[in-house]
Amino acid sequence: MWIDLRSDTVTQPTEAMRQAMAHAVVGDDVYGDDPTVNQLEKLTSELFGKEAALFVPSGTFGNQLAIMTHTQRGDEILLGDDCHILMHEVGAAAVLSGVQTRTFPTNSGHIDIEKLKRMIRGDDIHFPATGLLCMENAQSSGAVVSLADMQAVYQLAQSRHVPVHIDGARIFNASIAISADIKEIAACGDSVNVCLSKGLCAPVGSMLIGTRDFIRKARKNRKLMGGGLRQAGILAAAGILALTEMVSRLEDDHKNAHYLADRLEEIESCQVNRNRLAINMVFFTLPESVISEAALIEGLKNKMIRINGQEDGEYRFVTNYGVSVDDIDLVVKTMKTIIDN
Ligand SMILES: *Cc1c(COP(=O)(O)O)cnc(C)c1O
């Protein structure tokens with residue numbers, strides 16, 4: 001069995017999910033006939049304290065669908081400078097929605113409201129309209145945003161009539177890390193995207209959540225984007241279990257990330273970034289003079305351990321359902337052996 005630290009997207013569906021998928025009652029969801037999808041959408045909207053929800057194929061799909069539904073072509077959207085929508089969605093906002101992006105600094109989770117205030121456009125003839133403001137929590141940098149910051153951003157945006165989308169791919173991790181109720185976090189945006197297929201272990205899918213009117217428009221845009229799935233209840237069945245049975249276990253991933261961070265610090269010149277150790281991700285640096293990236297990846301691979309290469313000079317190890325405390329011990333022991341050789 002591989003120990004896979006590349007991401008929490010590598011998690012496999014649980015046995016209960018496989019059973020639920022095999023026996024799911026399904027219908028044609030484009031006709032609105034799939035009872036399992038309908039159940040998942042109802043459950044999600046209630047859990048997040050919003051009017052409606054929509055099953056979508058991926059987190060990227062959910063974010064891009066939100067952008068398409070909130071904005072007009074030529075709008076400017078404001079978003080964090082290291083967020084997933086900007087860095088890891090292939091420039092889709094430009095291609096699919098024809099919007100331009102403008103970034104604000106997210107300094108390890110903190111958002112500067114005064115700066116943001118100045119970035120929302122007035123009606124000068126030269127300006128694009130500010131069509132959307134996006135927040136990410138938890139951030140893909142491993143940091144979390146406080147509830148107070150999120151509330152301040154939403155208040156500002158509302159006062160300027162700019163809609164807010166929350167990329168909550170890991171919103172449950174954020175909820176645990178900042179000890180805030182999921183409804184309170186969701187209340188800081190007009191729409192929310194949440195991934196079922198990361199730490200929650202569903203094989204496929206995300207949910208886009210918002211008002212009834214927004215979701216009605218998003219449902220049509222989902223069809224436009226080719227995301228109208230037919231007997232999607234097969235996937236929704238796993239999604240229901242993700243939301244009802246897998247949320248509380250995310251705390252284990254966080255504890256394991258802290259344990260991994262402590263153990264990594266036993267390695268000479270390994271620097272863990274403790275400012276971004278809020279969820280299930282450990283970011284650290286390890287100088288090339290100690291071990292080259294290629295040697296580390298190869299050495300771990302030989303012991304059935306998968307990691308990603310560095311991004312921006314940092315390694316990122318992600319704890320997940322398939323990674324136990326014993327696995328972490330083995331990873332650190334193996335790293336020490338590779339480095340000593
Ligand atoms: C993973 C992730 C997404 C995209 O999800 P996919 O299902 O991989 O498309 C979006 N935003 C954030 C913050 C993520 O971590």
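Heads up: the structure comes first, above all this text.
Owing to the predicted nature of the structure, the values given are computational and were not obtained by experimental measurement. (Residues numbered from 1 in each chain as written. Predicted model: local features only at pLDDT ≥ 70, side-chain atom pairs only at ≥ 80, totals over all residues. Heavy atoms only, no water.)

Caption draft 1: Looking closely at the packing of helix H13 (residues 293–301) against helix H14 (residues 325–340). One can describe the packing of H13 onto H14 by two numbers: an axis separation of 10 Å at closest approach and a directional angle of 125 degrees. Classified by the interaxial angle, the pair formed by H13 and H14 is oblique. The interaxial crossing formed by H13 with H14 has right-handed handedness. Where H13 abuts H14, its residues Ala295, Leu296, Gly299 and Leu300 lie against Val331, Thr334, Met335 and Ile338. Class assignment for the residues of the contact of H13 with H14 results in six nonpolar, two polar and no charged. (Axes fitted to C-alpha atoms, helices over the stretch in contact; angles between N-to-C directions. Helix = DSSP H or I, 4+ residues; strand = E, 2+ residues; numbered from the N terminus. Parallel < 35°, antiparallel > 145°, perpendicular 65-115°, else oblique. Left-handed = near helix turned anticlockwise from the far one by under 90°. Contact = heavy atoms within 4.5 Å. Nonpolar A, V, L, I, M, F, W, Y, C, P; charged D, E, K, R; others polar.)

Caption draft 2: Looking closely at the nonpolar core. Core analysis: the biggest nonpolar cluster contains 52 residues, and Phe48, Leu133, Ile171 and Phe172 have the highest contact counts within it. With seven residues, the top contributor of residues to this core is helix H11 (residues 233–245). Ignoring any residue separated from it by four or fewer positions in sequence, one finds Phe172 in contact with Leu47, Phe48, Ile182, Val194, Leu200, Leu243, Val247 and Leu250. Core analysis: the second largest hydrophobic core is formed by 26 residues, Leu264, Leu277, Val331 and Val332 among them. (Core = buried A, V, L, I, M, F, W, Y, C linked by side-chain atoms within 4.5 Å. Buried < 20%, exposed > 50% of the residue type's maximum accessible area, 1.4 Å probe, protein only.)

Caption draft 3: Region of interest: helix H2 (residues 35–48). In this model, H2 (14 residues) spans 20 Å end to end at C-alpha, consistent with the 20 Å of a helix rising 1.5 Å per residue. Of the residues making up H2, those classed as buried are Thr36, Val37, Leu40, Glu41, Thr44, Ser45 and Phe48. Buried residues of H2, viewed axially, fall in a sector of 165 degrees; they line one side. At the N-terminal boundary of H2, the capping side chain belongs to Asp34, with an oxygen 2.9 Å from the backbone nitrogen of Thr36. (Expected span 1.5 Å × (residues − 1). Arc of directions from axis to C-beta. Polar contact = N/O pair within 3.5 Å; in protein donor to acceptor, adjacent residues only side chain to side chain.)

Caption draft 4: Focus on the pattern of salt bridges. Following the criterion strictly, the structure yields 18 salt bridges and no others. Across the salt bridge formed by Glu76 and Arg102, the nearest N and O atoms sit 3.4 Å from each other. Of this pair, Glu76 sits in strand S3 (residues 76–80) while Arg102 sits in strand S4 (residues 100–104); the two residues are 26 residues apart in sequence, bridging distant segments of the chain. A relative accessible area of 1% places Glu76 in the buried class. The closest approach of N and O atoms between Glu76 and Arg121, which form a salt bridge, is 2.7 Å. With Glu76 in strand S3 and Arg121 in the loop between helix H6 (113–119) and strand S5 (130–136), this pair connects stretches of sequence that are 45 residues apart. Within this structure, Arg263, Glu266, Asp329 and Lys336 form a network of salt bridges that share partners. (Salt bridge = Lys/Arg side-chain N within 4 Å of Asp/Glu carboxyl O.)

Caption draft 5: Spatial organisation of the environment of Tyr315. Mapped onto the fold, Tyr315 is located in strand S12 (residues 315–318). On the basis of relative accessibility, which here comes to 0%, the residue Tyr315 falls in the buried class. Distance in space between the C-alpha atoms of Tyr315 and Val282 is 8.0 Å, their sequence separation being 33 residues. Setting aside its immediate chain neighbours within four residues, Tyr315 contacts Val282, Phe283, Phe284, Leu286, Ser292, Glu293, Leu296, Ile307, Asn308, Gly309 and Gln310.

Caption draft 6: Structural context of unusual backbone geometry. Each neighbour pair has its own omega, and for Asn137 with Ala138 the value is -5 degrees, a cis peptide bond. For Cys201, which is not a glycine, the phi torsion comes out positive at approximately 75 degrees. The topology assignment puts Cys201 in the loop between strand S7 (191–195) and strand S8 (206–210). Residue classification places Cys201 among the buried positions, given a relative accessible area of 0%.

Caption draft 7: Spotlight on the sheet that holds strand S10 (residues 281–285). In space, the three strands of this open sheet follow the order S9-S10-S12, with antiparallel pairing throughout. Single-partner strands in this sheet number two, and they are strand S9 (271–272) and S12. With four bridges joining them, S10 and S12 adopt antiparallel strand pairing. The residue bridging Phe283 from the neighbouring strand is Arg316, located in S12. (Pairing = 2+ DSSP bridges.)

Caption draft 8: Up close: the site of the ligand. Taken together, the neighbourhood of the ligand is formed by Ser58, Gly59, Thr60, Asn63, His84, Glu89, Glu136, Asp167, Ala169, Arg170, Cys195 and Lys198. Residue Thr60 places a side-chain N or O atom 2.6 Å away from an oxygen atom belonging to the ligand. A distance of 2.9 Å separates an oxygen atom of the ligand from a polar atom in the side chain of Arg170. If the ligand stood free it would expose 380 Å²; the protein chains cover 85% of that surface. Partitioning the shell around the ligand into residue classes produces two nonpolar, five polar and five charged. (Near = heavy atom within 4 Å. Areas by Shrake-Rupley, 256 points an atom, 1.4 Å probe, with all protein chains shown as cover.)

Caption draft 9: Representation of the packing of helix H12 (residues 250–264) against H14 within the structure. Following both chains from N to C, one finds H12 and H14 inclined at 20 degrees, their axes separated by 10 Å at the closest point. In this view, H12 runs roughly parallel relative to H14, as classed from their interaxial angle. You can see that H12 and H14 cross each other, and the crossing is right-handed. Residues Asn256, Tyr259, Leu260, Arg263 and Leu264 of H12 pack against Val325, Ile328, Asp329, Val332, Met335 and Lys336 of H14.

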